[in-house]
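Summary of the model geometry
In case you want the letters, here they are:
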Amino acid sequence: MVVNYEAVWKVLAELVTELRKAGEGLPPSIMNDLRSAKTTIQILRVDKDNPYHVSRIEEFLGNVELYVMRAAQKKFGTEAADGWLRRLGQARAENHKKVREETRFIPGIPRDRH
């Protein structure tokens, strides 16, 4: 199964935002892991054949998920935390949507060709 890491990252980022709105302080290491996951996801889009990137993304997102789910359970209660877990499960199962990437210069093509 291929995981849509961008969708998982978005759900975790939304949960982090909700926790911060509720006054929950998050450690800098969690915020660094969230940023590192986003950066590594962008790198994975370019270098798809390197399994190292996937393991790093899993590690970063796992650290963030573990911390924020505990914090959500304390702050919002078990039912709300279960709702966030369901959203994470749906994000993991979501198919990759083809996003039209902006065209880039390709050397060697004549000017009148696309």
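Before reading further, recall that the structure is shown in the block above.
In this text, all values refer to a predicted model and were calculated from it rather than measured experimentally.

What counts and how
Residues numbered from 1 in each chain as written. Predicted model: local features only at pLDDT ≥ 70, side-chain atom pairs only at ≥ 80, totals over all residues. Heavy atoms only, no water. Axes fitted to C-alpha atoms, helices over the stretch in contact; angles between N-to-C directions. Helix = DSSP H or I, 4+ residues; strand = E, 2+ residues; numbered from the N terminus. Parallel < 35°, antiparallel > 145°, perpendicular 65-115°, else oblique. Left-handed = near helix turned anticlockwise from the far one by under 90°. Contact = heavy atoms within 4.5 Å. Expected span 1.5 Å × (residues − 1). Buried < 20%, exposed > 50% of the residue type's maximum accessible area, 1.4 Å probe, protein only. Salt bridge = Lys/Arg side-chain N within 4 Å of Asp/Glu carboxyl O. Core = buried A, V, L, I, M, F, W, Y, C linked by side-chain atoms within 4.5 Å. Polar contact = N/O pair within 3.5 Å; in protein donor to acceptor, adjacent residues only side chain to side chain.

**As for the packing of helix 1 (residues 5-21) against helix 4 (residues 78-93)**
With their axes 8 Å apart at the nearest point, helix 1 and helix 4 run at an angle of 160° to one another. Judged by the inter-axis angle, helix 1 sits roughly antiparallel to helix 4. For helix 1 against helix 4, the interelement crossing comes out right-handed. Two secondary-structure elements touch here, helix 1 through Ala 7, Val 8, Val 11, Leu 12, Glu 14, Leu 15 and Glu 18 and helix 4 through Trp 84, Arg 87, Leu 88, Ala 91 and Arg 92.

**Considerations on helix 1**
Here helix 1 spans 24 Å end to end across 17 residues, near enough to the 24 Å set by a 1.5 Å rise per residue. Looking at helix 1, one finds that the buried residues are Tyr 5, Ala 7, Val 8, Trp 9, Val 11, Leu 12, Ala 13, Leu 15, Val 16 and Leu 19. For helix 1, the secondary structure elements touched by its buried residues are helix 2 (28-46), helix 3 (51-76) and helix 4. Where helix 1 terminates, the next one or two residues include Gly 23, which has phi positive at roughly 90°.

**Overview of the pattern of salt bridges**
Applying the stated criterion across every chain, the model contains five salt bridges. Here Glu 18 ties to Lys 21 by a salt bridge, and the two come within 3.9 Å at their closest N and O atoms. With Glu 18 and Lys 21 both in helix 1 and three residues apart, the pair spans about one turn of that helix. With relative accessibility at 66%, the residue Lys 21 sits in the exposed group. Between Arg 56 and Glu 59 there is a salt bridge; the shortest N-O distance is 3.2 Å. Residue Arg 56 and its partner Glu 59 are both found in helix 3; the two are separated by three residues, about one turn of the helix. Classification of Glu 59 as partly exposed rests on a relative accessible area of 39%.

**Concerning the nonpolar core**
Formed by 30 residues in total, the largest nonpolar core has its most connected members in Leu 12 and Leu 61. Going through the elements one at a time, helix 1, helix 2, helix 3 and helix 4 are the ones with two or more residues in this core. By residue number, the principal contributor to this core is helix 1, which donates 10 residues. Setting aside its immediate chain neighbours within four residues, Leu 61 contacts Tyr 5, Val 8, Trp 9, Leu 12 and Ala 37.

**Structural notes on the environment of Ile 30**
Secondary-structure assignment places Ile 30 in helix 2. Residue Ile 30 is classed as buried on the basis of its relative accessible area of 7%. The sequence separation of Ile 30 and Glu 65 amounts to 35 residues, and the corresponding C-alpha distance is 9.2 Å. Once you skip the residues sitting within four places of it in the chain, Ile 30 turns out to touch Asn 63, Val 64 and Tyr 67.

**Considering helix 3**
Every α-helix winds through 3.6 residues per turn, so residues three or four apart in the chain are directed the same way. The first and last C-alpha atoms of helix 3 sit 36 Å apart over 26 residues, in line with the 38 Å expected at 1.5 Å per residue. The set of residues buried in helix 3 consists of His 53, Ile 57, Phe 60, Leu 61, Val 64, Glu 65, Val 68, Met 69, Ala 71 and Ala 72. Elements in contact with the buried residues of helix 3: helix 1, helix 2 and helix 4. By the N-cap criterion, in which a side-chain oxygen at the helix start approaches the backbone nitrogen of a residue two or three places on, helix 3 is capped by Asn 50, the distance to Tyr 52 being 3.0 Å. Gly 77 lies just past helix 3 and shows a positive phi near 100°.

Geometric values such as these leave the question of function open.
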